Amino acid sequence: MRASPSTARAINDRLALGLLQQHGPLTAAQLKTETGLSRPTVADLVERLGAAGLIEVVGESGAVRRGPNAKLYGIVAGRAHLAALDVRLGSVSVVVTDLLGATLAQDALPIGGDTGTGPAVDRAAALLESAARAAGPVPLHSVGIGAPGLIDPATGELRDSTGLPAWHRGLVRELQRRLPATVLVENETNLAAVAELREGAAKGRDTFVLLWLGQGIGAAVMLDGKLRQGASGGAGEIGFLPVPGAGGLPSAVDCAGGFHSLAGSAALCELASTHGLLDLATVSEGGEEAAAVATVRAALEAGEPGEPFLKEVADRLALGSAAVASVLDPGCVLLAGAVGHAGGPALAARVEERLAAMSPLRTEVRAGSLGDGAVLRGALITARDAAQDALFAPED
């Protein structure tokens, strides 16, 4: 079926917007070259987008050349604002940007486990509203939220999950009620994979599995450039994966006995203790991730004395990676999250070597490059994509 004129215009407009986002200001001639569109078609879209207030002349190309053909067109970045939230078990972080991703305001707030649902929701929502005001009078167009837990693929809502704070679900509903903006929520690990694909270590590789190594364990499945959430939104719940050495089997409501029991931060702290690298008495409740990160870094810096610990960590991560590889054959596994970032390429190389001995399927192991900020980046990308879809929707 041939696209209608309005749909064709929208496709061309989105293509031009994407190029301007990726490359910055371009001349009409450069847009023609990059898009492959005819000169009249480019002239029409430039006029149309300019009249709509979406692009503007931001300068001229070249030091000598002047005239209409030298005009540089750029996106009107301040036409709308975007926001992203990274909702953790005990905190929430927010960033507000323009349409090109320039940071206008950012903030973070700890929310203790003893905070009631209502007060926690109010404090988190107020944090976003305060950041939005600080960014200026331009309204929020889209808000992306990254949170732990399952997202219902039918409704797009955060599902009620055992062990996660009730205020997470309450915050999403409250923001949808308070804000005129589009509010989108996605699993934090999935958003990290989106960010690594578009801006990080997976750029140029559209099929991979991201392992999120932090307080808990998660995975994101990216196949042919698309996230795969599964029938119930649970694709990647690798913490429940039964693996040898976990000392039991997981249950439907508890991942103890699954891969989480080997590779979660608490498990890595216990492993470090057996190697004499960490005194568990110094690790506070909820501080396991920070302790695991510090221990992995210290082991890498220690050289030979840290090798036995790092070898066991790599062995454990290879177990989960081998299971993923045998089912999906993604060709690439990305180690992300705070622990994955701390291990970096050195830990990734150890996991790849161990995985090659366990699986006949060639699987590259890379370290994520965006660190703990990957969730916010992914949430911003999601918000930006939503804004782009709305701003360039075909006219009726």
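## So, the sheet that holds strand β11 (residues 332–336)
Pairing between the strands of a sheet comes from backbone hydrogen bonds, and it takes one of two forms, parallel or antiparallel.
For step 1, the next point in the chain: What the 5 strands build is an open sheet, ordered β10-β9-β8-β11-β12; its pairing is mixed. The open sheet terminates on both sides in strands that have one partner only, identified here as β10 (226–227) and β12 (364–367).
For step 2, the next point in the chain: Bridging between strand β8 (residues 208–213) and β11 involves 4 bridges; their strand directions are parallel. Residue Val209 lies in a different strand from β11, and its bridge partner there is Val333.
For step 3, the next point in the chain: Here helix α11 (residues 337–358) sits on the sheet in contact with β8, β11 and β12, set at roughly 160° to β12.

## Considering α11
For step 1, the next point in the chain: Here α11 spans only 24 Å end to end across 22 residues, well under the 32 Å set by a 1.5 Å rise per residue.
For step 2, the next point in the chain: At Gly344, α11 is bent by approximately 95°, the largest bend along its length, and proline Pro345 sits one to four residues beyond.
For step 3, the next point in the chain: Taken together, the buried positions of α11 are occupied by Gly337, Ala338, Val339, Gly340, Ala342, Gly343, Gly344, Leu347, Ala348, Val351 and Leu355.
For step 4, the next point in the chain: Check the buried side of α11 and you find it contacts β8, α8 (265–274), α9 (288–302), α10 (307–328), β11 and β12.

## Here's the deal with the packing of helix α1 (residues 5–23) against helix α12 (residues 374–391)
For step 1, the next point in the chain: Packing of α1 against α12 leaves a shortest axis separation of 10 Å and a crossing angle of 145°. For the pair α1 and α12, the sense of crossing is right-handed. Residue-level inspection shows Arg14, Leu17 and Gln21 of α1 in contact with α12, the latter providing Arg384, Gln388 and Asp389.
For step 2, the next point in the chain: A breakdown of the residues in the contact of α1 with α12 according to their chemical character gives 1 nonpolar, 2 polar and 3 charged.

## Section: the pairing of strand β3 (residues 81–87)
For step 1, the next point in the chain: Within β3, 7 of the 7 residues are buried, which leaves the element mostly enclosed by the surrounding structure.
For step 2, the next point in the chain: Both faces of β3 are covered, namely the face carrying His81, Ala83, Leu85 and Val87 and the face carrying Leu82, Ala84 and Asp86.
For step 3, the next point in the chain: Pairing geometry for β3 and strand β6 (residues 140–147), over 6 bridges, is parallel. Bridging from a neighbouring strand, Asp86 pairs with Gly146 of β6.

## Looking at the pattern of salt bridges
Pairing is possible between side chains of opposite charge, provided their charged atoms come close.
For step 1, the next point in the chain: A full pass over the atoms with the stated rule returns 15 salt bridges.
For step 2, the next point in the chain: The partner of Arg178 in a salt bridge is Asp122, and the shortest N-O contact between them spans 3.4 Å. You can see Arg178 sitting in helix α5 (residues 166–178) and its partner Asp122 sitting in helix α4 (residues 117–135), a full 56 residues away along the chain.
For step 3, the next point in the chain: Its salt-bridge partner being Arg366, residue Glu364 comes within 2.9 Å of it at the nearest N-O pair.
For step 4, the next point in the chain: Glu364 sits in the partly exposed class, given a relative accessible area of 29%.
For step 5, the next point in the chain: What makes Arg366 partly exposed here is its relative accessible area of 21%.
For step 6, the next point in the chain: A cluster of three or more residues bridged by salt bridges with shared partners is formed by Asp122, Glu129, Glu174, Arg177 and Arg178.

## Digging into the sheet that holds β6
For step 1, the next point in the chain: The strand order across the open sheet built from 5 strands is β5-β4-β3-β6-β7, with neighbouring strands paired in mixed fashion. A strand with exactly one partner marks an edge of an open sheet, and here the two such strands are β5 (103–110) and β7 (182–187). Here the average twist between neighbouring strands, direction ignored, is 15°.
For step 2, the next point in the chain: Note that β6 and β7 share 6 bridges and pair parallel. Considered in β7, the bridge of Gly146 is made with Glu186.
For step 3, the next point in the chain: On the sheet, α4 packs against β3, β4 (91–97), β5 and β6 and is oriented at approximately 160° with respect to β5.

## Some remarks on unusual backbone geometry
With glycine set apart, most residues show a phi of negative sign, and most peptide bonds adopt trans.
For step 1, the next point in the chain: Unlike most non-glycine residues, Asp224 shows phi in positive territory, near 55°.
For step 2, the next point in the chain: Mapped onto the secondary structure, Asp224 falls in the loop between β9 (217–223) and β10.
For step 3, the next point in the chain: Phi angles above zero are rare outside glycine, and Asp329 is one such case at about 45°.
For step 4, the next point in the chain: Mapping Asp329 onto the fold places it in the loop between α10 and β11.
For step 5, the next point in the chain: Under the relative-accessibility criterion, Asp329 is labelled partly exposed at 44%.

## Focus on α5
For step 1, the next point in the chain: The terminal C-alpha atoms of α5 lie 19 Å apart, and with 13 residues this matches the ideal 18 Å at 1.5 Å per residue to within 8%.
For step 2, the next point in the chain: Residues of α5 that are buried: Trp167, His168, Gly170, Leu171, Val172, Glu174 and Leu175.
For step 3, the next point in the chain: For α5, the secondary structure elements touched by its buried residues are β3, β4, α4, β6 and β7.

What counts, and at which threshold
- Residues numbered from 1 in each chain as written.
- Predicted model: local features only at pLDDT ≥ 70, side-chain atom pairs only at ≥ 80, totals over all residues.
- Heavy atoms only, no water.
- Pairing = 2+ DSSP bridges.
- Helix = DSSP H or I, 4+ residues; strand = E, 2+ residues; numbered from the N terminus.
- Contact = heavy atoms within 4.5 Å.
- Axes fitted to C-alpha atoms, helices over the stretch in contact; angles between N-to-C directions.
- Expected span 1.5 Å × (residues − 1).
- Bend = angle between axes of the 7 residues up to and from the residue.
- Buried < 20%, exposed > 50% of the residue type's maximum accessible area, 1.4 Å probe, protein only.
- Left-handed = near helix turned anticlockwise from the far one by under 90°.
- Nonpolar A, V, L, I, M, F, W, Y, C, P; charged D, E, K, R; others polar.
- Salt bridge = Lys/Arg side-chain N within 4 Å of Asp/Glu carboxyl O.

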